Amino acid sequence: MTPESTSLNQDTRFFGHPLGLKTLLLTEMWERMSYYGMRAMLIFFMIAAIQDGGLGITLASATSIYGLYTGFVYLMGLPGGWIADRLIGGRKAIWYGGIIIMLGHMVLAIPNEQTFFIGLVLVVLGTGLLKPNIGALVGQLYSNEDARRDSGYTLYYMGINIGAVIGGIVCGYLRLNIGWHWAFGAAAIGMGLGLIQFHFTSHQLKEVGAKPTHQLSDRAKKISWSIIVAFLVTLVFISTLLMNGNLSFNAPLVADSFAIIATILFFVCFFGIFFFGSTTPAEKKNLGALLLVCIASVFFWMGFEQSGSSLNLFAQDYTQRLVGSFEIPAEWFQSINSVFIIILSPFIAALWINLAKKLITPSFGLKCALGLVIMACGFLVMFFAAQIAASGLKVAPYWLVATYFLHSVGELCLSPVALSAVSKLSPKRFSGQLMGIFVLTYAIGNVLAGRLAGNFDPSNLQQMPDLYLHISLFTIGVGVVVYLATFKTKKWEKAAD
């Protein structure tokens, strides 16, 4: 054990955790404020009529673009993790990623259709640098023997959701009462606050993330930077063709292709490390257990991310939102999930710690299976709510509240635990890359969620209950399969101890 890790193990200044957790938690809180605030109104902006300030595109295209945007946000975590591991270190990746995100939201605040898509691209690039590396740095605050790891990730996750609550409330209010681009501008301010906080408190991380975990030769660095520059030039060229109308864009077709390519890329990268990363037998067992967590993550986010698409549209069009003369912005329903996360996070964190004290430690796979099944039960609630909506009645808000409660419990069982699994089960020299590969599961799940939401036909409400029922039954089935697999993988996880 290094002196640095010993120091961090003894640091309990932030609710029993290293003080560096506060730096990462608050930075991610403001970044998520900007992301979720913008995400909550993204589909509404795209389908709104042009005379109302929107883009006026079809629902099928809007949900596909939404899925592609959220998918690419996480896909870029793969090169983002590699860049941090090999070129600039996690701390610089977070700093520069945050700057690019802030610039993206500033561009989104400009009332112009073409600059809207430029803004989305900038947010995608910036999040690819920031998101995987800030999660990886949280894990590096703890040694493998530190029992605080899971609860630390849960507190970190609570910070994410505080940001999501702020973003949904602020951007939703501004969108409904002032205008679209004021709301987009608020997201830029949120990211700016996160950058200021990170700049003045990053010393609390000590040496964590200060340098790349694997140094490249000078020649390899030149080749790497050349590839990065070539990619950016190509991206600018393609964007120019699209904006000038010289290149067509079929969002549903691109979304389907993205899902296939991202899945292939996941397996190529994962098994590339498994077979060609000079991994030991113990590390191979760890990676086998981690693969199950990754598969569970894909199907969890495929269902959960209906929140920004079909559930968001359900709140807008089929939920009773009037309280007297006040109309509740539909985006505020997005914040219900985050409120539940904030309330429940300390209890779930305490649960894992108390179970560990009693020598009861559920495997990562078992926790993920539980999260899948609980989340799926939320769609059973929506099945009944959709039947009411299909009859022509407005649905009471408590149906969505109940759904988001179940989704929140499922999320706490799976998402922070999965992040902890990546941190613990990954070989240290591949920690950033494997966090990027894991974030790729978010990309696949988000694109599949967008394509599922594309089947949501506002003119055919009778098919809506079946959509939610199919999602529920399928996800329960996946949860059962993951649970059965844990009888084998729970032994592999112990190789990391």
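Computed from a predicted structure; not experimentally measured.

Draft legend 1. The overall build of the chain, seen in detail. A count of helical and extended segments in the chain gives 17 helices and two strands. Across its three principal directions, the C-alpha atoms of the chain cover 65 × 50 × 40 Å. For the chain, long-range pairs separated by at least 24 residues make up 83% of all intrachain contacts whose partners lie at least 6 apart in sequence. Surface summary for the chain: the accessible area is close to 20,000 Å², and the carbon and sulfur share equals 70%. Computing the positive centroid from 31 side-chain charges and the negative centroid from 23, the chain places the two 10 Å apart.

Draft legend 2. Structural detail: the pattern of salt bridges. Inspection of the entire model under this criterion finds six salt bridges. Note that Glu28 is salt-bridged to Lys131, the shortest N-O span being 2.6 Å. Of this pair, Glu28 sits in helix α2 (residues 20–47) while Lys131 sits in helix α6 (residues 113–140), placing them 103 residues apart in sequence. Of the two residues, Glu28 and Lys131, both sit in the buried class. The salt bridge involving Arg32 is made with Glu31; its shortest N-O contact spans 2.6 Å. In this pair, the class of Arg32 matches that of Glu31, namely buried.

Draft legend 3. Highlighting the nonpolar core. With 140 residues, the main nonpolar core has Met46, Tyr69, Phe116, Leu290, Phe314, Phe438 and Tyr468 as its most contacted residues. Leaving out residues up to four positions away in the same chain, Leu290 has contacts with Phe270, Ala421, Val422, Leu425, Ser426 and Leu434. Among the nonpolar cores identified, the runner-up in size contains seven residues, and Leu87, Ile88, Ala93 and Leu216 belong to it.

Draft legend 4. View of the packing of aromatic side chains. Here the structure, examined in full by the defined rule, presents 28 aromatic pairs. Pairing Tyr35 with Tyr36 gives two aromatic rings, centres 5.1 Å apart and planes at 80 degrees, and the pair type is edge-to-face. Here Tyr35 falls in the buried class, since its relative accessible area comes to 1%. Taken together, the ring pairs in this structure connect Phe266, Phe267, Phe270, Phe271, Phe274 and Phe275 into an aromatic cluster.

Calculation notes
Residues numbered from 1 in each chain as written. Predicted model: local features only at pLDDT ≥ 70, side-chain atom pairs only at ≥ 80, totals over all residues. Heavy atoms only, no water. Helix = DSSP H or I, 4+ residues; strand = E, 2+ residues; numbered from the N terminus. Contact = heavy atoms within 4.5 Å. Areas by Shrake-Rupley, 256 points an atom, 1.4 Å probe, with all protein chains shown as cover. Lys, Arg positive; Asp, Glu negative; His and termini not counted. Charge placed at Lys NZ, Arg CZ, Asp CG, Glu CD. Salt bridge = Lys/Arg side-chain N within 4 Å of Asp/Glu carboxyl O. Buried < 20%, exposed > 50% of the residue type's maximum accessible area, 1.4 Å probe, protein only. Core = buried A, V, L, I, M, F, W, Y, C linked by side-chain atoms within 4.5 Å. Phe/Tyr/Trp six-rings, centres within 6.5 Å; stacked < 30°, edge-to-face > 60°.

Remember, this is a structural readout, not a statement about activity or role.
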